[in-house]
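# Understanding the architecture of this molecule
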Amino acid sequence: MDRLRPDSSVAPDGIATEGSHHIVLPIPVLRSMMAVFVTNPSAAITSDLGISRLGNGRTEWLVRPSSTTRYAVSRSLPSHRRLLWSYRSERETTRFPPSSNAFPAGVAAALVLAETASGLSLHGYMQSARAQWQPVSAVRLIGAGFHTSATKWPSVIAQALGLDATTSRWSRTAGALGGNDILERIRYVKGVIVGAGRTGSLLASAVARLGLPLDLVDSDVIELHNLGEMEAVGESDIGRFKAEALACTLTRLTPSEIVAVNRPILDPDAIARIKACDLMACCVDNDAARLAAGILATLYHKPLCDIGSGIFLAGRNQRQDFPGGERTMGTDIRLLLPADGCLLCHGGLADFDGALARLANARAPEDDPDGWRQQRSGSLRSLNQMATGLALQMIQDLVAARLAESTWVRIEITPSGRAAVSYPQVSREPSCPLCALSGLGDEGLAWLPGLAASNVHL
Amino acid sequence: MALEPLESQASQLLLDDGGNAGSDYQSFLSHLWRQTQQAVKTPPAKRPDPPTPDPGELVTHTRYRYD
């Protein structure tokens, strides 16, 4: 786990020295702090900070939800870094950053909400090695809109991408999304897709055609039985890594910059890619990998789009949880936003105990080519296309700030062939053990028993 | 501090600003601030309890996990 060692930009006590520093702030956390300042503008509030070291001097400081503090303390987690919040009204002449002699113990960063004639602004600062405040490279709001203090989207990004929506290949897409600025924001999002098989390849193809930079994580190789439903691979790809074959084809067909990570999700290379992304999608076919994706998304404040599908024909498999009816066929699509409920809060896992056991024991999957027949009846590209189409729409609406909260959608096709879309009930527990890890970053990864050391093939 | 859940008004942000301000960091922050002020200072009237779902219809767990 060399990538998780502290880099030179952060001293062991968490004080910033040099390099690029981002403060990563989930919108629900910002909202809760705004609510405090509305009633008490002079309140002195602090949040816990997690840390994600990305290498090359890049560091993300993860602002943790206040509800996680009690759990963290009770578990004696090592994090002791804190972020100081303050509010400046338009009438106040006090300059920010705050005075350097007003450092509460353990405070490594500050966020200042400042009301000006042109509206509200939010400024982030880190402590330098000489006990001075220095501006961070960016404050990034995680959630609807993917807003950041660092970029003026229309001018900078449009120039960088050479984008002219009136003549470019995306003119229709930009028009349908509501404008060039939304398209540009989407193209700026760096995505990671975990699982590059039947569903993952369809999602990867759709995403790559929008031009997003994309990493594909999958350690499986292509077999003959994959060719019937996978996207963008052929017979000549049999025996190649799924991620690699898919990346090669999509790089040729689309303008997207695609990197193949032919490793399991808990491999250090895969974790490093996930830490550096803006958005994760999980398209795996087992709940152990799904749980691992959910844990990483929670630790590092990554929005997660999780897709699972299944088709069960009566008498054709041994599953006992689909009684009656001649066919059960559907898909669960969950878009989970940091600090707004986790994978366990929004539907959990179909096989949570099995997933946990596999992660804890680092047990390899069953190597049984016919095992799938006992779990399900098969796979249909039509169902997976529905799932990935809706998932991409949800991602687009998230970036466009139309979708602003965690959302779980289920599509089911009845035995008589009618589609039914539902939004299942969400059952959130205040003591959710996964939510308690929100924003813990590298320390949480190291703390989870067996996880960092796990070599399980997922 | 117990707060009423804030309504999702992100799409309104786009409409409020002629479809361009959705891309703007400060506009987004200002909108969020106004929204929070409104929610805290003028709590919404208590909503009627949602209809009790039929237990047979209540779905709280995922079913599908493949592909």
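Residues numbered from 1 in each chain as written. Chains lettered and ligands numbered in written order. Predicted model: local features only at pLDDT ≥ 70, side-chain atom pairs only at ≥ 80, totals over all residues. Heavy atoms only, no water.

On to the overall build of chain B. Within chain B one finds 2 helices and 0 strands. Classification of the 67 residues of chain B by burial places 34% in the buried group. Of the roughly 4200 Å² of accessible surface on chain B, 52% is carried by carbon and sulfur atoms. (Helix = DSSP H or I, 4+ residues; strand = E, 2+ residues; numbered from the N terminus. Buried < 20%, exposed > 50% of the residue type's maximum accessible area, 1.4 Å probe, protein only. Areas by Shrake-Rupley, 256 points an atom, 1.4 Å probe, with all protein chains shown as cover.)

In this section: the overall build of chain A. A tally of helices and strands in chain A yields 13 helices and 16 strands. When each of the 458 residues of chain A is scored for burial, the buried share is 57%. The long-range share in chain A, meaning contacts at least 24 apart out of those at least 6 apart in sequence, stands at 69%. (Contact = heavy atoms within 4.5 Å.)

Residue and element names in this part refer to chain A. Mean pLDDT for chain A: 84, with 79% of residues reaching 70 or above. Predicted confidence is poor over residues 69-76, with pLDDT under 50, and the contacts of this stretch with residues over four places away or in other chains come to 6 contacts. pLDDT under 50 marks residues 452-458. Its contacts with residues more than four places away, or in other chains, come to 27 contacts. (pLDDT = per-residue confidence, 0-100.)

How big an interface is tends to be stated in terms of accessible area lost as the parts join. Taken together, the contact pairs 70 residues of chain A with 35 residues of chain B. Interface of chain A and chain B: buried area, both sides summed, is about 4400 Å²; carbon and sulfur atoms make up 59% of it. When the buried area of chain A at its contact with chain B is split by residue, Arg31(A), Val38(A) and Leu120(A) rank highest and sum to 15% of it. If you look at where chain A meets chain B, you find 3 salt bridges. Close ionic contact of Glu412(A) with Arg63(B) constitutes a salt bridge, the shortest N to O distance being 2.9 Å. Counting across the chain A and chain B interface gives 18 residue pairs in polar contact (both at pLDDT 80 or more). Sorting elements by how many residues they give to the side of chain A that touches chain B places helix α1 (residues 27-39) of chain A first, with 9 residues. (Buried area = accessible area lost by both parts, 1.4 Å probe. Salt bridge = Lys/Arg side-chain N within 4 Å of Asp/Glu carboxyl O. Polar contact = N/O pair within 3.5 Å; in protein donor to acceptor, adjacent residues only side chain to side chain.)

An ideal rise of 1.5 Å per residue puts 18 Å on 13 residues; α1(A) measures up with 19 Å between its terminal C-alpha atoms. If you check which residues of α1(A) are buried, you get Ile27(A), Val29(A), Leu30(A), Arg31(A), Met33(A), Met34(A), Ala35(A), Phe37(A) and Val38(A). (Expected span 1.5 Å × (residues − 1).)

Moving on: the nonpolar core. All names here are of chain A. Ile193, Leu216, Cys305, Ile307 and Ile333 are the most contacted members of the largest nonpolar core, which totals 46 residues. It is helix α12 (residues 381-399) that contributes the most residues to this core, 8 residues altogether. Once residues within four sequence positions are removed from consideration, isoleucine 193 is found in contact with Gly200, Leu203, Ala204, Leu214, Asp215, Leu216, Val217, Ala281 and Cys283. Ranked by size, the runner-up nonpolar core spans 39 residues in total, among them Val24, Leu266, Leu291 and Cys432. (Core = buried A, V, L, I, M, F, W, Y, C linked by side-chain atoms within 4.5 Å.)

A few words now on the sheet that holds strand β12 (residues 279-282) of chain A. All names here are of chain A. Pairing in this open sheet of 8 strands is mixed, and the strands run β11-β10-β9-β12-β13-β14-β15-β16 from one edge to the other. Each edge of the open sheet is held by one strand with a lone partner, namely β11 (258-261) and β16 (419-422). Between one strand and the next, the sheet's axes are offset by a mean angle of 15 degrees, whatever the strand orientation. Contacts between helix α7 (residues 242-253) and the sheet are confined to β10 (214-217) and β11, with β11 contributing the most and set at about 170 degrees to the helix. The sheet contacts of helix α9 (residues 287-299) involve β12, β13 (304-313) and β14 (327-336), and relative to β13 the element is tilted by about 165 degrees. (Pairing = 2+ DSSP bridges. Axes fitted to C-alpha atoms, helices over the stretch in contact; angles between N-to-C directions.)

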